[in-house]
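If you want the building blocks of each chain, they are given just below.
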Amino acid sequence: MDRLKGIIGMMMVLFPCILCKAEGKTMYAALPTDSIDVCRFLEEARHMPRTTNFPLFFARKFLGKPYVAHTLDLNDEERLVVNTRQLDCTTLVENVTALTLCVYRNLYSWHDYLNALVAMRYRHGLIDRYPSRIHYFTEWITANTATEMVKEIQAPDPPFTHVQTVCVNYMSQHPESYKALQQHPEFVEDIRQMEERVTGGHFRYIPKSEVKNSRVLRRAIHDGDIIAITSKKVGLDIAHLGFAVWRKDGLHLLNASSVHKKVVEEPMTLYQYLQKHPSHTGIRIIRINK
């Protein structure tokens, strides 16, 4: 087994991009350092106590990595893109969730990680074309709750005192903002139909006025929970994502930050962060299932 790993490692050094077939046709794309990172992180986690907070353990592996948007949209053909070198808020959450799920299920290989990533990023775990990717985080939550990878926390009340009624149409209304929709206008109708399916859902959330350093909030939100910041921007459901980190002064956000241009644990509390963004209304909480 060690010899095989060595051969695979040598191949990764020799080739600038790795493409692996899944079920005979689906292509995965990654650079050598991506698989090296994943295998190293998983091997380290294998030897950690089972009481370790694995979401935060993995999230902190990415601290300092540069923020780069649209890393999933570089290929003309839809592929599973793995990029541990450059992250936005969604790919940070997906990378950490995939790694965490692998450890929770005692799976420690590169392909285990790829399978977890496909399962959470694509509708029904099937890569077809651009519309097969899950684009709105509300659908991501719903789809991955159905497969028991995550669960959304919506109780108790308080602090989950408000209800978000989802209404999404931003992508179909702004196709010029998306490379794939510019190149394939025929995809816009598929996206519009998806948006109609997502629209109308009701989800309890914590209003930003209540994201305080309180006992009730500390009981409701755990270190390593995924925080989805709700938005009142027309056509969108979620504005930003990150992970919950509790400190003495309150709740903080570990996130891929477009402001800091890298993955950081925000120095300000999440309460302070939310007040700086008028379009942010509160937070939804998602927990990775053990």
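Residues numbered from 1 in each chain as written. Predicted model: local features only at pLDDT ≥ 70, side-chain atom pairs only at ≥ 80, totals over all residues. Heavy atoms only, no water.

(A) Region of the structure containing the pairing of strand β9 (residues 250-257). With eight of eight residues buried, β9 lies mostly within the body of the structure. Following strand β8 (residues 238-247), the chain reverses through two residues before pairing antiparallel with β9. In terms of strand pairing, β9 meets strand β10 (residues 262-265) through four bridges, oriented antiparallel. Each residue of the ladder has a partner; that of alanine 256, found in β10, is valine 263. The hairpin turn running from β9 into β10, its antiparallel successor, is four residues long, and lysine 261 in that turn takes a positive phi close to 65°. (Buried < 20%, exposed > 50% of the residue type's maximum accessible area, 1.4 Å probe, protein only. Helix = DSSP H or I, 4+ residues; strand = E, 2+ residues; numbered from the N terminus. Pairing = 2+ DSSP bridges.)

(B) Representation of the environment of alanine 69. Mapped onto the elements, alanine 69 comes out in the loop between α3 (54-59) and β3 (80-81). Accessibility expressed as a relative area gives 33% for alanine 69, which makes it partly exposed. Placed 181 residues apart in sequence, alanine 69 and glycine 250 show a C-alpha to C-alpha distance of 29 Å.

(C) Structural detail: the nonpolar core. Judged by nonpolar contacts, the single largest core of 52 residues is most densely connected at Leu42, Phe58, Leu92, Tyr113, Phe137, Trp140 and Phe243. Per-element accounting of this core gives the leading share, ten residues, to helix α4 (residues 89-104). Not counting the four nearest positions on each side in its chain, tryptophan 140 is found in contact with Val93, Glu94, Thr97, Met120, Ile134, Val150 and Ile226. In this structure, Ile206, Val211, Ala220 and Ile229 belong to the second largest nonpolar core, which totals 18 residues. (Core = buried A, V, L, I, M, F, W, Y, C linked by side-chain atoms within 4.5 Å. Contact = heavy atoms within 4.5 Å.)

(D) Just the environment of arginine 79, in detail. Relative to the helices and strands, arginine 79 is located in the loop between α3 and β3. Measuring from C-alpha to C-alpha, the distance between arginine 79 and valine 103 comes to 24 Å, with 24 residues separating the pair along the chain.

(E) Focus on the packing of helix α2 (residues 32-46) against α4. Packing of α2 against α4 leaves a shortest axis separation of 10 Å and a crossing angle of 40°. Put simply, α2 runs oblique to α4. Here α2 and α4 pass one another in a crossing that is right-handed. Across the interface between the two elements, Val38, Phe41, Leu42 and Ala45 of α2 pack against Leu99, Cys102 and Val103 of α4. The residue inventory of the contact of α2 with α4, partitioned by class, reads seven nonpolar, no polar and no charged. (Axes fitted to C-alpha atoms, helices over the stretch in contact; angles between N-to-C directions. Parallel < 35°, antiparallel > 145°, perpendicular 65-115°, else oblique. Left-handed = near helix turned anticlockwise from the far one by under 90°. Nonpolar A, V, L, I, M, F, W, Y, C, P; charged D, E, K, R; others polar.)

(F) Quick look at the packing of aromatic side chains. What the rule picks out here adds up to seven aromatic pairs. Relative to phenylalanine 58, the ring of phenylalanine 57 has its centre 5.1 Å away and its plane inclined at 70°; by these criteria the two rings are edge-to-face. Here phenylalanine 57 and phenylalanine 58 have matching classes, each one buried. When the centroid spacing of 4.6 Å and the interplanar angle of 15° are considered together, the rings of phenylalanine 137 and tryptophan 140 count as stacked. Remark: tryptophan 140 and phenylalanine 137 occur in helix α6 (residues 137-146); sequence separation between them is three residues, near one turn of the helix. Phenylalanine 137 sits in the buried class, given a relative accessible area of 7%. The ring of tyrosine 108 has arginine 46 sitting right over it, with the charged end atom 4.3 Å from the ring centre. Its end group placed over the ring of phenylalanine 203, arginine 284 keeps NZ or CZ at 4.1 Å from the ring centre. (Phe/Tyr/Trp six-rings, centres within 6.5 Å; stacked < 30°, edge-to-face > 60°. Lys NZ or Arg CZ within 6 Å of the ring centre and 35° of its normal.)

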